[in-house]
Amino acid sequence: MEKKMKEEDKEELIESAKKVEEEVIRVVEQTKELQESALSLINNEQSLRSRASSISSSLRRLRSLLDNLASHKLLDPSILDKLDDDLHRAKLMLSDGDASAFLPASAQGGFLRMFLGPINVRATRKDVQLKVKEEYNSYRDRTALLFLLFPSALLVLRSCLWEGCMPAFPVQLYQAWLLFLYTGLALRENILRVNGSDIRPWWIYHHYCAMIMALVSLTWEIKGPPDCAQKQRGVQLFLQWAIMQGVAMLLQNRYQRQRLYTRIALGKAKRMDVVWGETAGVEGQLWLLCPILFIMQGFEAYVGLELLKTAFVGVVSEWQVIFCGILLVLMAVGNFINTVQTLMSKSRFKAKMKRNMFGVAMEISA
């Protein structure tokens, strides 16, 4: 009985494989027609919303069907790649064009409701959504420079003016600024996700963790003499890591955004997409940024372990030190995993592009 059911399922998949190409073409055409209707507002709003919801459901169904056919190897790889590209472009057209205003609104989440209340932050006009994205980019540019200068100034003053022992107030002022920075980033990123951006959930969770760590560190008593250098070892290492983070942010903002604009022009990314914390640009930039990102993640874990070490040997035994140490290690591991996943995704994408180019070359030679 079970064997018969499996054979029936396989026959159904084979039948779907014969029709999937026609279905993809039909859904792509429907998406184009919807975009044209949204531009000229030919139909009423309710009709456009209904069509947008139907096309979105069809795209998800076809995506699942293609994945199923690929796992059973029931489609030629070249046809599969073509259909995959067609679906991707249709999805971008739907989510990144004027038709996106008629898609069902995404849930805003508890974080936005906690800070803003029950306010709808989704913009109905694409130009307003793009202004939200540009403001986010501007915020990242401003904070990246401060992320580099603030800890650098504290370390210079520690050596030149404070004789190797930082007073509590400047350090706590820096920690309060970090709380403001990460709260601002998390708010903007949640708003961007509601408006169709592709920010990975981990990077928002990462900023939640950083917010909690900054809040906890504000209650952490900064120890003074005697043995100041040993007691403030964790603070010093954290400031050094923050300088590395500032350098990485400046490089990402400078180089990777140019690559993102290129991908948007090629139809490989949406206009609402932003530079992620782990993304790498073109080949030369990848060789520059990846070592910095991996070194920074390793150093972040090292700082966390050093904080735990100072707590367990009794140098600074407050619970805040243990809490911040654990959070730093967890964030470093999460950052590393997401960076590796992104590089693997890029590797698969490049392999797919090579297969497509090989197929085109074979057709030309034939």
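Look up: the structure comes first, before these words.
Here's a quick rundown of the structure. Here the residue numbers are simple positions, counted from 1 along each chain's written sequence. pLDDT decides what is reported in this predicted model: residues at 70 or higher carry local features, side-chain atom pairs at 80 or more are listed and counted, and totals for whole chains, interfaces and linings draw on all residues regardless. As a convention, hydrogens and water are excluded, and side-chain values are obtained from all of the structure's heavy atoms.

### A word on the packing of helix 4 (residues 109–116) against helix 6 (residues 168–194)
What counts is decided by this rule: Lines are fitted to the C-alpha atoms to define the axes, a helix being fitted only along its stretch in contact, and any angle between axes, read from their N-to-C directions, falls within 0 to 180 degrees. A run of H or I in DSSP becomes a helix once it reaches four residues, and a run of E becomes a strand once it reaches two; helices and strands are each numbered from the N terminus. Under this scheme an angle from 65 to 115 degrees is roughly perpendicular, one under 35 degrees roughly parallel, and one over 145 degrees roughly antiparallel; angles in between are oblique. Put simply, a crossing is left-handed when the front helix is turned counterclockwise from the back one by less than a right angle, and right-handed when it is turned clockwise. Only heavy atoms enter the contact rule, under which two residues are in contact if any of them lie within 4.5 Å. Under the scheme applied, nonpolar residues are Ala, Val, Leu, Ile, Met, Phe, Trp, Tyr, Cys and Pro; charged residues are Asp, Glu, Lys and Arg; polar residues are all the others, including Gly.
For the pair helix 4 and helix 6, the least separation of the axes is 10 Å and the interaxial angle reads 120 degrees. As far as their axial angle goes, helix 6 and helix 4 are oblique. For the element pair helix 4 and helix 6, the recorded crossing hand is left-handed. Note on element contacts: helix 6 touches helix 4 through Thr183, Ala186, Leu187, Asn190, Ile191 and Val194, opposite Phe111, Leu112, Phe115 and Leu116. The residue makeup of the contact of helix 4 with helix 6, split by class, is 8 nonpolar, 2 polar and no charged.

### What about the packing of aromatic side chains?
Given two aromatic rings, their pairing is described by the distance between the two centres and the angle made by the two planes. Selection rule: When the centres of two rings from Phe, Tyr and Trp lie within 6.5 Å, Trp using its six-membered ring, the rings pair. Their planes under 30 degrees apart give stacked, over 60 give edge-to-face, and anything left gives tilted. A simple rule labels every residue: compare its accessible area, found with a 1.4 Å probe on the protein chains alone, to the largest value its type can have, and call it buried under 20%, exposed over 50%, or partly exposed in between.
Counted under the stated rule, the structure contains 12 aromatic pairs. Centre to centre, the rings of phenylalanine 150 and tyrosine 174 are 5.0 Å apart; their planes meet at 65 degrees, and the pair counts as edge-to-face. Taken together, the residues span a long stretch of sequence, with phenylalanine 150 in helix 5 (residues 126–160) and tyrosine 174 in helix 6 at a distance of 24 residues. According to the relative accessible area criterion, phenylalanine 150 is partly exposed, its value standing at 22%. On the basis of relative accessibility, which here comes to 2%, the residue tyrosine 174 falls in the buried class. Taking the centre distance of 6.0 Å and the plane angle of 50 degrees together, the rings of tyrosine 205 and tyrosine 208 count as tilted. Separated by 3 residues within a single helix, tyrosine 205 and tyrosine 208 lie in helix 7 (residues 201–217), roughly one turn from each other.

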